[in-house]
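Coordinate inspection notes
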Amino acid sequence: IEYAVEQNVFQINVESQDELDKIIATGKPARIGLRWTPGLDVKTHKYIRTSHDDTKFGLSQEDIQAMIPKIQKNPQIQFQGLSLHLGSQILDLEDFKQAFLDYKEFLARFPMKSANVDLGGGLGIDYHSADLEKDEGHLKAYQGIVEQIWSDTPYQLLFEPGRFIVARAGGLLAQVQAVKK
């Protein structure tokens, strides 16, 4: 976090009160987003979901409401917007559609001005097939949902495509160093 503040990154997506406190403790200017957890149970592997109510990731609406006064009291903290991440390897685009609709509704009630809407990542690919045309069709369908829901937005849209962009471009070579009991 200190390094990110030092490097003046575009936006640090905060997902805990502790992270916000560490940013404030630097005493330096920082741009932040708040990583919102919408409470949805998306269809992906249970170990990579980050949007359900009992996740250790992100902030609930109540958490965010509790953090707002602290952000407003600190002139060095510039609130950029909210960030959403549902998890990884999401293949059912209806999960994105529902999350985006919930997100838009939340933004309409949000008490602080937001410049950015971070739609996160998580768009999945089919690892059982190397069909790039199928991947392209999936991406175009995702684009259609984004345009349908966000075309009238005054916000700057941010994306974190991650795995979808790089998964077919390389491999991971790893070695188990220890097993924790």
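Look above for the structure.
These notes cover the structure that comes with them.

Moving on: the packing of helix H2 (residues 17–25) against helix H3 (residues 61–73). Following both chains from N to C, one finds H2 and H3 inclined at 5°, their axes separated by 11 Å at the closest point. Overall, the two elements H2 and H3 adopt an arrangement that is roughly parallel. Taking contact as the criterion, the partners of Gln17, Leu20, Asp21 and Ile24 in H2 are, on H3, Met67, Lys70 and Ile71. Counted by class, the contact of H2 with H3 contains 4 nonpolar, 1 polar and 2 charged residues.

Below, the discussion takes up the sheet that holds strand S1 (residues 12–14). What the 5 strands build is an open sheet, ordered S1-S2-S3-S4-S5; its pairing is parallel. Here the strands that pair on one side only, and so sit at the sheet edges, are S1 and strand S5 (156–158). With strand direction ignored, the average angle separating the axes of adjacent strands in the sheet is 35°. Sheet analysis places S1 next to strand S2 (residues 30–36), joined by 3 bridges and oriented parallel.

With that out of the way, let us pick up the pattern of salt bridges. For the coordinates displayed, the defined rule picks out 8 salt bridges. Residue Lys22 is joined to Asp18 by a salt bridge in which the shortest nitrogen-to-oxygen separation is 3.4 Å. Pair noted here: Lys22 and Asp18 are both in helix H2, with a separation of 4 residues, about one helical turn. Lys134 serves as the salt-bridge partner of Asp126, at 2.9 Å between the closest nitrogen and oxygen. What makes Lys134 partly exposed here is its relative accessible area of 47%.

Cut-offs and rules
Residues numbered from 1 in each chain as written. Predicted model: local features only at pLDDT ≥ 70, side-chain atom pairs only at ≥ 80, totals over all residues. Heavy atoms only, no water. Axes fitted to C-alpha atoms, helices over the stretch in contact; angles between N-to-C directions. Helix = DSSP H or I, 4+ residues; strand = E, 2+ residues; numbered from the N terminus. Parallel < 35°, antiparallel > 145°, perpendicular 65-115°, else oblique. Contact = heavy atoms within 4.5 Å. Nonpolar A, V, L, I, M, F, W, Y, C, P; charged D, E, K, R; others polar. Pairing = 2+ DSSP bridges. Salt bridge = Lys/Arg side-chain N within 4 Å of Asp/Glu carboxyl O. Buried < 20%, exposed > 50% of the residue type's maximum accessible area, 1.4 Å probe, protein only.

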